[in-house]
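Secondary and tertiary structure notes
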Amino acid sequence: MITKTEIRELIELKLAKMYGIKYEEASKNIMYRALCLVVKDMLTQKRLDYKKLVRERGMKQVYYMSMEFLLGRSLRNHLYNSKVLDQAEAAIKEMGFDLNELLEIEPDAGLGNGGLGRLAAAYLDSLTSQGYPAGGFSIRYEYGIFKQKIVDGWQMELPDDWLSNGDVWLNQREEDSFEVNFGGHIEENWDSGKLRIEHKGHTTIIAVPYDMNISGYDNDAVNTIRLWSAKAPLGFDMNLFSRGEYVKAIEAKAMAEAISKVLYPADNHYEGKSLRLRQQYFFVSASIQSIIKKHLKYNANLDNLSDKVAIHINDTHPTLCIPELMRLLLDVYGYDWDSAWKIVTETVSYTNHTVMQEALETWPQDLFQNLLPRIFQIVNEINQRFCSELWKVFPNQWEKISSNAIMGYNQIRMANLCLAAAHTINGVSMLHSNILKATVFADYYKVAPQKFTNVTNGITHRRWTGEANPMLTEYMKELIGDGFIKDASKLEDLLVYQNNKQVIDRMAEIKRCNKQRLADYICKANGVLVDPDSIFDVQVKRLHEYKRQLLNVFHIMDLYYRLKANPNLDIKPRTFIFGAKAASSYFMAKEIIRLICTLGDVINNDKCVSDKLKVVFLENYSVSLAEMIMPAAEVSEQISIAGKEASGTGNMKFMINGAVTIGTMDGANVEIHERVGDENIFIFGMLSHEVEELYKSCYQPTTYYANDKRIKAVIDGLRCGFNGRCFNEIADSLTIGRGGTADPYMILADFASYSEAQKKLNNAYLDKYRWGKMSIVNIAKAGFFAADRSVEEYAQRIWNLKKI
């Protein structure tokens, strides 16, 4: 174990070699970078030793393909995992700096948007902590998703220049660059009885890799995420420049770099769709080429690829790795179709993350064919063979075959391509997996039921306890020892304290400290004073209508109206905290943010209610902000319409920090409910089958508007508006619809049940020891939802991996 003195010496050496200065001359930013470089050097050496061991043992490795890796900050995570956080803090203090101030310099790595990316990061962390050889592949987005700024209640998207201080963790590997080709045309020629494919007239982009270390907790494993950056083969055309055509001289460079500029560019226009498709193929083509190059370095051929490599598709974005692997096997390495297809189908697995049809990616056939002509040919062949399989199960059922085909109605369906090729298909909660089998992929489930399984999502429990909530973690160590750090199931040992008033009192003190820290941040960031003795009721997640932030708003408006009518209403003071980013082209989501912000302005400045009610929207929600919010939260809002949320992981982060869930029987809420019991969670609303039945029976939201005076008051309030701002679009979407079904996520249908659950929650909170018991039970039962358990299931049941 490295000592404080050794860390200090390494930092001083790094300052001298890299910057030519002593620590007395260093700025905070230089000291931050020097410490990062010292940590990176330590991890890189461990990485070299770990790779050698994996190679010597000939171990199989999983490659996790994901358009997102929402890593958050790395410095504290690496120090914590390496168990040198205290030594580093002491060394930095000796040199006159505060480690916490240095940690705040690091930006969140801008490589993800929400739960999908955070899950990918969690799994790489847990795979490494469990000692499994693994790697991630994604894109080195220059500006990530975006930096959210709220201006007069409206979300503005600004560039998120995370690389300015985040680049310190990246190791460029230019020698492992690969060419990726777009456009052009395909020429087929027969040579000595073999079909030869030539791709001509294409545009070539160079994929340059940057590796980022992923540390394991208290072990010698270090895995990596490889991030691809796009550049043109020639960055500058001197001939054009010499002729005075200055813009054209750098045009190719700009077009190439657009591929790795921004995560999820708006795709409500042709150019946006084209860029997204380019991003996806660029990332998977470079990744598959990299995997094959590494495999052939230590193996004679690709016959045994599936024995040494597992390729996992995280949602549909990386689906093109299937035809790309086929292309390389067929065109470059000379395999026949059947042999190549066998390798692909034994190597690739797929996780589905959604039941919503609009989120199951499709591409216009003409766009796909023009951009990726050879990949189009291969997908077309896969589709024909796949339809032949379907015909055997569904003879003469043309409509069923058409709806399940990979290509149909001038669209190419990525999910169906995954079904055809993946050896295993999993959902991410028990409810979600059952819905996939019963409805979304019901037909294909009849074709290949053995392919389907479930792996319920998990979280990096060490990050969300030990790093984010050190006071709670230290107290839990006093109570049950430190075994839960490595084995989250040991949290169940806390159950013996669920009725211990002394323990409940201490837990409440810790929660109060965390609430005060968040209250201080809210005051600084929003200029709003919130009472740390009020209930901290939190809903932080991506803004989408199905997640029903609007249902939460309805309850707040109803509560506000009731307090205005009766200022002496007997309720516990409540602070409602929101955090969410809306997709840049998603108008309704941005309008809901504007409503929350406007409502907050009204309520927070209304002296009649502000001592009992506050509403706060925290801009630019991120992993590092979540690390402050989760430990302070007391109520976890998980209120999506039943049957739409695949799993959720925020619910698990709240749970392990002692928050109590109010939620529907959706996603992983079902499994949380199973573990904590009726008495330790507030469940409301329709079940998923009831939602489907109501859809089929022609749901009429205006009935609720006519018959429930609270709903009428809220919707009328939206039309009248606040501070001169009306919200007619939202009101119309719930009553008369906007180009489709009114109230598609049944906010009005679930409102009464939600309000009743909120009333029960308020009453439970008033009993300190009842609430304290609920909190302890939630923490104790959170162990199942650790990512360590999830990756163990993947490793054993899907990827067939062994630990180092």
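Residues numbered from 1 in each chain as written. Predicted model: local features only at pLDDT ≥ 70, side-chain atom pairs only at ≥ 80, totals over all residues. Heavy atoms only, no water.

A count of helices and strands for the chain gives 35 helices and 23 strands. Whereas a compact globule of 804 residues would reach a radius of gyration of roughly 28 Å, the chain reaches 27 Å, a difference of no more than 12%. Across its three principal directions, the C-alpha atoms of the chain cover 90 × 75 × 60 Å. By the burial criterion, 61% of the 804 residues in the chain qualify as buried. Across the chain, every contact between residues at least 6 apart in sequence was considered, and the portion connecting residues at least 24 apart equals 76%. Separation of charge centres in the chain, based on 96 positive and 100 negative side chains, amounts to 1 Å. (Helix = DSSP H or I, 4+ residues; strand = E, 2+ residues; numbered from the N terminus. Rg over C-alpha atoms; globule rule 2.2 N^0.38 Å. Buried < 20%, exposed > 50% of the residue type's maximum accessible area, 1.4 Å probe, protein only. Contact = heavy atoms within 4.5 Å. Lys, Arg positive; Asp, Glu negative; His and termini not counted. Charge placed at Lys NZ, Arg CZ, Asp CG, Glu CD.)

Applying the stated rule across the entire model yields 22 aromatic pairs. Centroid distance Phe684 to Tyr754: 4.9 Å. Interplanar angle 45°. Geometry classified as tilted. With a gap of 70 residues between them, Phe684 in the loop between strand 23 (682-683) and helix 29 (688-696) and Tyr754 in helix 33 (residues 747-766) connect regions that are remote in the sequence. Side by side, Phe684 and Tyr754 carry an identical accessibility label, which is buried. (Phe/Tyr/Trp six-rings, centres within 6.5 Å; stacked < 30°, edge-to-face > 60°.)

Here we take up the sheet that holds strand 18 (residues 535-540). In space, the 6 strands of this open sheet follow the order 20-19-18-21-22-23, with parallel pairing throughout. In the strand order of this sheet, the two ends are held by strand 20 (613-617) and strand 23, each with one partner. In this sheet, strand 20 lies alongside strand 19 (residues 574-579) in parallel orientation, the contact comprising 5 bridges. Looking at strand 20, one finds that Thr575 is bridged to Lys614. (Pairing = 2+ DSSP bridges.)

This paragraph deals with the layout of surface pockets. Within this model, the second largest pocket holds a volume of roughly 950 Å³. Residue assignment for the lining of the second largest pocket shows that the elements contributing at least two residues are helix 2 (28-57), strand 1 (61-65), strand 2 (134-139), strand 9 (203-215), strand 10 (222-231) and helix 11 (270-298). Of the residues in the lining of the second largest pocket, the class split is 11 nonpolar, 12 polar and 11 charged. (1 Å grid on protein atoms, 1.4 Å probe; cavity = no way out; pocket = protein on both sides within 12 Å on 5 of 7 lines; lining within 4 Å. Points joined across faces, edges and corners; volume = space filled by probe spheres on them. Nonpolar A, V, L, I, M, F, W, Y, C, P; charged D, E, K, R; others polar.)

For the coordinates displayed, the defined rule picks out 0 disulfides. Unpaired in terms of disulfides, Cys608 finds its nearest cysteine sulfur in Cys720, a separation of 19 Å. With no disulfide of its own, Cys726 has Cys720 as its nearest cysteine by sulfur position, at a separation of 7.3 Å. (Disulfide = S-S within 2.5 Å.)

What follows covers the packing of helix 31 (residues 709-720) against helix 33. For the pair helix 31 and helix 33, interaxial distance at closest approach is 10 Å and the crossing angle is 115°. Helix-helix and strand crossings are classified by hand; for helix 31 and helix 33 the assignment is right-handed. Residue-level contacts link Arg710, Ile711 and Ile715 of helix 31 to Leu748, Phe751, Ala752 and Ser755 of helix 33. Split into classes, the residues belonging to the contact of helix 31 with helix 33 amount to 5 nonpolar, 1 polar and 1 charged. (Axes fitted to C-alpha atoms, helices over the stretch in contact; angles between N-to-C directions. Left-handed = near helix turned anticlockwise from the far one by under 90°.)

To continue, consider the sheet that holds strand 14 (residues 407-408). Strand pairing in a sheet takes place through backbone hydrogen bonds and is either antiparallel or parallel in direction. The 3 strands are arranged 13-15-14 in an open sheet whose pairing can be described as antiparallel. What marks the edges here is a single partner per strand, and that holds for strand 13 (362-364) and strand 14. Summarising the sheet, strand 13 and strand 15 (residues 411-413) pair through 3 bridges and their orientation is antiparallel. Counterpart to Thr362 in the pairing with strand 15 is Arg413.

With that settled, consider the pattern of salt bridges. Summed over the entire model, instances satisfying the criterion amount to 48 salt bridges. Notably, a salt bridge pairs Glu619 with Lys149, separated by 3.6 Å at the nearest N-O pair. Of this pair, Glu619 sits in the loop between strand 20 and helix 26 (623-632) while Lys149 is found in strand 3 (residues 147-151), placing the two residues 470 residues apart along the sequence. Residue classification places Lys149 among the partly exposed residues on the basis of a relative accessible area of 38%. Of the charged contacts in the structure, one is a salt bridge between Asp338 and Arg385, with a shortest N-O distance of 3.4 Å. In this pair, Asp338 sits in helix 14 (residues 337-347) while Arg385 sits in helix 16 (residues 373-393), placing the two residues 47 residues apart along the sequence. We classify Arg385 as partly exposed; its relative accessible area is 37%. Through salt bridges that share partners, Arg173, Asp176, Asp211, Arg226 and Lys293 make up one connected network. (Salt bridge = Lys/Arg side-chain N within 4 Å of Asp/Glu carboxyl O.)

Another aspect to go through is the environment of Ile656. Checked against the element boundaries, Ile656 lands in helix 27 (residues 650-656). A relative accessible area of 1% places Ile656 in the buried class.

Here we come to the pairing of strand 4 (residues 154-158). Summarising the sheet, strand 3 and strand 4 pair through 5 bridges and their orientation is antiparallel. Opposite Gln148, over in strand 4, you have Glu157 as the bridge partner.

Here we take up the nonpolar core. Counting 157 residues, the largest nonpolar core has Ile11, Met31, Phe282 and Phe368 as the members making the most contacts within it. Ranked by size, the runner-up nonpolar core spans 68 residues in total, among them Tyr586, Leu595, Ala642 and Val660. (Core = buried A, V, L, I, M, F, W, Y, C linked by side-chain atoms within 4.5 Å.)

Quick look at the pairing of strand 20 now. Here strand 20 lies mainly inside the structure; 5 of its 5 residues are buried. Of the two faces of strand 20, both are covered, the one formed by Leu613, Val615 and Phe617 as well as the one formed by Lys614 and Val616. Following the backbone out of strand 19, through helix 25 (residues 587-604) and into the adjacent parallel strand 20, one traces a crossover that is right-handed. (Right-handed = clockwise from strand over helix to strand, strands pointing away.)

So, on to the environment of Cys36. Of note, Cys36 is situated in helix 2. Cys36 sits in the buried class, given a relative accessible area of 0%. Between the alpha carbons of Cys36 and Arg76 there is a distance of 9.7 Å; along the sequence they are 40 residues apart. Other than its neighbours up to four places away in sequence, Cys36 contacts Leu75, Val168 and Trp169.

In the structure shown here, the tally under the stated rule is 6 cavities of 30 Å³ or more. In this structure, the largest cavity encloses a volume near 120 Å³. In terms of lining residues, the largest cavity is bounded by Leu71, Arg73, Ser74, Asn77, His78, Arg118, Ala121, Asp125, Met212, Asn213, Ile214 and Arg463. Listed by contribution, the elements that provide at least two residues to the lining of the largest cavity are helix 3 (75-81), helix 6 (115-129) and strand 9. Considered class by class, the residues forming the lining of the largest cavity number 4 nonpolar, 4 polar and 4 charged. Taken as a whole, the second largest cavity encloses approximately 100 Å³ of empty space. Forming the boundary of the second largest cavity are 13 residues, of which Glu545, Leu550, Leu734, Tyr745 and Ile747 lie nearest the centre. A per-class count over the lining of the second largest cavity returns 7 nonpolar, 3 polar and 3 charged.

Okay, the environment of Ala642 next. On the secondary structure map, Ala642 appears in the loop between strand 21 (635-638) and helix 27. Through-space distance from the C-alpha of Ala642 to that of Tyr745 is 9.2 Å; in sequence the pair is 103 residues apart. Not counting residues up to four positions away in its chain, the partners in contact with Ala642 are Thr664, Met665, Asp666, Met686, Leu687, Ser688 and Val691.

So, on to the side chain of Glu671. Among the structural elements, Glu671 can be located in helix 28 (residues 669-676). Buried charged residue Glu671 carries no salt bridge. Nearest counter-charge: Arg675, at 4.7 Å. Within the local environment of Glu671, its side chain forms a polar contact with the backbone nitrogen of Met430, the two atoms lying 2.9 Å apart. Setting aside residues up to four positions removed in sequence, Glu671 forms contacts with Ser429, Met430, Thr456, Phe784 and Phe785. (Polar contact = N/O pair within 3.5 Å; in protein donor to acceptor, adjacent residues only side chain to side chain.)

Turning to helix 14, its buried residues number three or more, namely Trp337, Ala340, Trp341, Ile343, Val344, Thr345 and Thr347. Those residues of helix 14 hidden inside the fold are in contact with helix 12 (305-308), strand 11 (309-314), helix 13 (321-332), strand 12 (348-351), helix 16 and helix 18 (414-421). Taking the backbone nitrogen of Asp338 as reference, a side-chain oxygen 3.2 Å away marks Asp336 as the first, capping residue of helix 14.

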